[in-house]
Amino acid sequence: MTSSDTKAVCVPEKKRAGVILRHSYGKSKVRLTKVSRHADRHDLKELCVDISLEGDFAETYTTGENTRIVATDSMKNTVYVLAAEHPVLSIESFAIDLAKHFLNTYTHVEKATVDIAEELWQRIVVNGKAHPHAFVGAGAEKRTVSVEHSRTATVVHSGIADLRVVKTTDSAFVGFIRDKYTTLPEVKDRMFGTSISGTWLYKPSASDYNRDYTTVRDTILEVFATHMSLSVQQTLHEIGQEVLARCSDIIEISLVMPNEHRIPFILHQFGLENRNEISVTTDEPHGLIKATIARCSE
């Protein structure tokens, strides 16, 4: 057989079963401590930062070609370098600067999302005076922010997580559906405990994030303490309404309030009077109440 008699055999490219609809990648759990050393005091910030990038990265998924990839180790280092250059007066301003950095530096990045959770430290009080450089932890509570920055918009969601509160009266739950599955008794005076988490969406013109965070937190605590609660739902709604009334830069607020039960212990089986003092503390299972309250259209 001569070479002219040889026919080329085309091997078809492997057929793919699917296509990428969306993709992102980044660096998670970047832990950062920053001490701002002033003449009269030190300020302490401890943050946990997540970064996610979207853009023209599909080729690294489909072929393994990495020439457009920003290494996640580089993202981690960027957090520390920008923190050294940035005053970090608020986690919102720091997250915005981080997100903008990636779009300003890399033209093929279309959107950067930066999530920050701040561990809260309070100054130790000695002889009635806040110590200038000694701190005590605030427990599980955290301040949070999520910034989505694209080439057309910057969206800021600030938040608070795991704010634990409890009150021993001014809470009731009556009038709910009773059917063959119902064993829960109606209660006109009960304990009310929850771990409140919330996020709020800012107007693009917002600027004083620290003031608004303090106002939201104070509002949550005030309404929880003073509101005569007929249900967790009602108290949640009242908190949202009051936040919107007090913070003009906030468009909407989403709140999550698990109902962490304190169940009265049955003392009469031991011959003791039940004076509503002894309860069994439970956190699982719990009711889970959520809602988003948005500002009325003007």
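This text goes with the structure placed above it.
Residues numbered from 1 in each chain as written. Predicted model: local features only at pLDDT ≥ 70, side-chain atom pairs only at ≥ 80, totals over all residues. Heavy atoms only, no water.

Asks: Can you lay out the pairing of strand β6 (residues 192–202) for me, pointing to particular residues and giving the numbers?
Replies: Of all 11 residues that make up β6, 9 are buried, and the element is covered over most of its length. The sheet contact formed by strand β5 (residues 154–167) and β6 spans 9 bridges and is antiparallel. Within β6, the residue paired with lysine 167 across the bridge is phenylalanine 192. In this structure, β6 lies alongside strand β7 (residues 250–259), joined through 6 bridges in antiparallel fashion. Looking at β7, one finds that tyrosine 202 is bridged to isoleucine 250. (Buried < 20%, exposed > 50% of the residue type's maximum accessible area, 1.4 Å probe, protein only. Helix = DSSP H or I, 4+ residues; strand = E, 2+ residues; numbered from the N terminus. Pairing = 2+ DSSP bridges.)

Asks: So, the pattern of salt bridges: which residues are in play, and what are the values?
Replies: All told, the structure shown has 17 salt bridges when counted by the stated rule. We note a salt bridge from aspartate 43 to arginine 41, for which the minimum N-O separation is 3.1 Å. Where glutamate 141 meets arginine 217, a salt bridge forms, and the shortest distance between an N and an O atom there is 2.7 Å. Of this pair, glutamate 141 sits in strand β4 (residues 129–150) while arginine 217 sits in helix α4 (residues 209–226), and the two are 76 residues apart along the sequence. Note on glutamate 141: relative accessible area 7%, which makes it buried. (Salt bridge = Lys/Arg side-chain N within 4 Å of Asp/Glu carboxyl O.)

Asks: Residues and numbers for the side chain of glutamate 118, please.
Replies: Looking at the element boundaries, glutamate 118 is found in strand β3 (residues 109–126). At 3.3 Å, the side chain of glutamate 118 forms a polar contact with the side chain of lysine 45. The residues touching glutamate 118, leaving out its near neighbours within four places in the chain, are Lys45, Glu46, Leu47, Ile91, Glu141, Lys142 and Arg143. (Polar contact = N/O pair within 3.5 Å; in protein donor to acceptor, adjacent residues only side chain to side chain. Contact = heavy atoms within 4.5 Å.)

Asks: Quick one: what's the story with the sheet that holds strand β1 (residues 25–37), residue by residue and with numbers?
Replies: The strand order β1-β2-β3-β4-β5-β6-β7-β10 describes an open sheet built from 8 strands, whose pairing is antiparallel. Both edges of this open sheet fall to β1 and β10 (287–294), since each of them pairs with a single strand only. The mean inter-strand angle of the sheet, taken between neighbouring strand axes irrespective of direction, is 20°. Pairing geometry for β4 and β5, over 8 bridges, is antiparallel. The partner of lysine 142 across the bridge, within β5, is alanine 161. Running at roughly 40° to β4, helix α3 (residues 91–105) makes contact with β1, β2 (42–55), β3, β4 and β5 of the sheet. (Axes fitted to C-alpha atoms, helices over the stretch in contact; angles between N-to-C directions.)

Asks: Tell me about helix α2 (residues 72–85), and please be specific about residues and values.
Replies: The end-to-end C-alpha distance of α2 is 20 Å, a good match for the 20 Å that 14 residues give at a rise of 1.5 Å each. For α2, the complete set of buried residues consists of Met75, Thr78, Val79, Leu82 and Ala83. Down the axis, α2 shows its buried residues gathered within 125° of arc, on one side only. Among the exposed residues of α2, those pointing more than 90 degrees away from its buried face are Ala84 and Glu85. Residues of α2 that are buried in the fold lie against β1, β2 and α3. (Expected span 1.5 Å × (residues − 1). Arc of directions from axis to C-beta.)

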